[in-house]
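# What the coordinates show
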Amino acid sequence: MAIYNYLWYFVIFSFLGWCMEVAYHTVCCGDFSNRGFLNGPVCPIYGVGAVLVIASLRPFSDNLWILFLSATVITSLLEWVTGYVLEKIFRTKWWDYSDIPFNIGGYICLKFSLCWGVVCTFLMRVILPGCDKLILKLPLKIGVVLLVIFGICYIADAVHTVITLRSLKIKIRTMEEISAKLKKLSDDLGIHISYSVADLMEKTEEVAKNGKEKAEEFEKLKEQYREKFKEFNFGQKRIIRAFPTISSDRYKNAINSLKKRFGNKK
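Everything in this summary refers to the structure shown in the same document. (Residues numbered from 1 in each chain as written. Predicted model: local features only at pLDDT ≥ 70, side-chain atom pairs only at ≥ 80, totals over all residues. Heavy atoms only, no water.)

### Some remarks on the nonpolar core
In this structure, Trp94, Leu165, Leu168, Ile172, Met175, Phe243 and Leu258 are the most contacted members of the largest nonpolar core, which totals 35 residues. It is helix 5 (residues 140-188) that provides the largest number of residues to this core, a total of seven residues. When neighbours within four sequence positions are excluded, Leu165 is seen to be in contact with Phe37, Phe90, Trp94 and Ile239. Counting residues in hydrophobic clusters, the runner-up holds 18 residues, among them Ala50, Ile54, Leu57 and Leu123. (Core = buried A, V, L, I, M, F, W, Y, C linked by side-chain atoms within 4.5 Å. Buried < 20%, exposed > 50% of the residue type's maximum accessible area, 1.4 Å probe, protein only. Helix = DSSP H or I, 4+ residues; strand = E, 2+ residues; numbered from the N terminus. Contact = heavy atoms within 4.5 Å.)

Quick look at the structure:
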């Protein structure tokens, strides 16, 4: 029964975490978007965090300070590890707290760590008892069937998301290669820049002064860069919008261009 309950905790809090992310982003940015990697209304990191907190801290639910401080540490470690691993896998930082004081590597910061501690304390003291009552009222057979259905949906969504992310990475890498060629050609032509790729796309007159051949090569690269935007599907655009602070030292120009084209308007 314990495993059964924890599976339901994962499902419930993955959904509630998604709701919280969407609500926070909508209030702060004035834009509604599906937050998180998966396409469905779930943020699995919240489900994992809730399971870890409940499994570790249930015995301390009556001690407010131990509960708060321990939850702050557990959730911060989870967020740091998740951010670090994702960056190593995809060479991209999906969220970045570097501009917020008291951050560690941009993966976590004191402000949000304390927020997670408050949220988890509320979870343990207020939400969890209600969840336990709902789980007990749900007939076991129906509950198992629902968990199987949710599990199949999660796996299918996760597989689709991994495929989408791999394709996204390839497209971003190609865009970065084109932007590097644009920058090299601009340097060769004497257009010394600290320009962004977006700036380079406007440098037509300067290139034209260097002869027809160079101008044609420059225009060809610009057209290739523009055409790449058309290759991004709905799921890939959604991921760019879902992570407005996404960054990458390796694919800096491409990601900045994608955020400008597909990102949320603040």
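### Comments concerning the packing of aromatic side chains
Per the counting criterion, the structure on display carries 19 aromatic pairs. Between Trp80 and Tyr84 the ring centres are 5.1 Å apart and the planes differ by 5°, which places this aromatic pair in the stacked class. Of the two residues, Trp80 and Tyr84 are both situated in helix 3 (residues 64-90); the distance of four residues between them amounts to about one turn of the helix. Here Phe229 and Phe262 contribute two aromatic rings whose centre-to-centre distance is 6.1 Å and whose plane-to-plane angle is 75°, an arrangement assigned as edge-to-face. (Phe/Tyr/Trp six-rings, centres within 6.5 Å; stacked < 30°, edge-to-face > 60°.)

### Here we look at a positive patch on the surface
Judged by side-chain charge, Lys88, Arg91, Arg173 and Arg250 come together as a positively charged surface patch. If you trace the backbone, Arg250 turns up in the loop between helix 9 (234-242) and helix 10 (252-262). For Arg250, a relative accessible area of 45% corresponds to the partly exposed category. (Patch = residues over 30% accessible without salt bridge, like charges linked within 9 Å, V, L, I, M, F, W, Y side chains within 5 Å. Areas by Shrake-Rupley, 256 points an atom, 1.4 Å probe, with all protein chains shown as cover. Salt bridge = Lys/Arg side-chain N within 4 Å of Asp/Glu carboxyl O. Lys, Arg positive; Asp, Glu negative; His and termini not counted. Charge placed at Lys NZ, Arg CZ, Asp CG, Glu CD.)

### Quick word on the pattern of salt bridges
On inspection of all chains with the given rule, the structure shows six salt bridges. A salt bridge links Glu219 to Lys222, with the nearest nitrogen and oxygen atoms 3.2 Å apart. Linking Glu219 with Lys222, this pair stays in helix 8 (residues 212-229), spanning three residues, or about one helical turn. Classification of Lys222 by relative accessible area gives buried; the value is 1%. Between Arg226 and Glu223 there is a salt bridge, with its nearest N and O atoms 3.7 Å apart. Note that Arg226 and Glu223 are positioned in helix 8 at a spacing of three residues, about one turn of the helix.

### Concerning helix 9
The complete set of buried residues in helix 9 reads Gly235, Gln236, Arg238, Ile239, Ile240 and Ala242. At the N-terminal boundary of helix 9, the capping side chain belongs to Asn233, with an oxygen 3.1 Å from the backbone nitrogen of Gly235. (Polar contact = N/O pair within 3.5 Å; in protein donor to acceptor, adjacent residues only side chain to side chain.)

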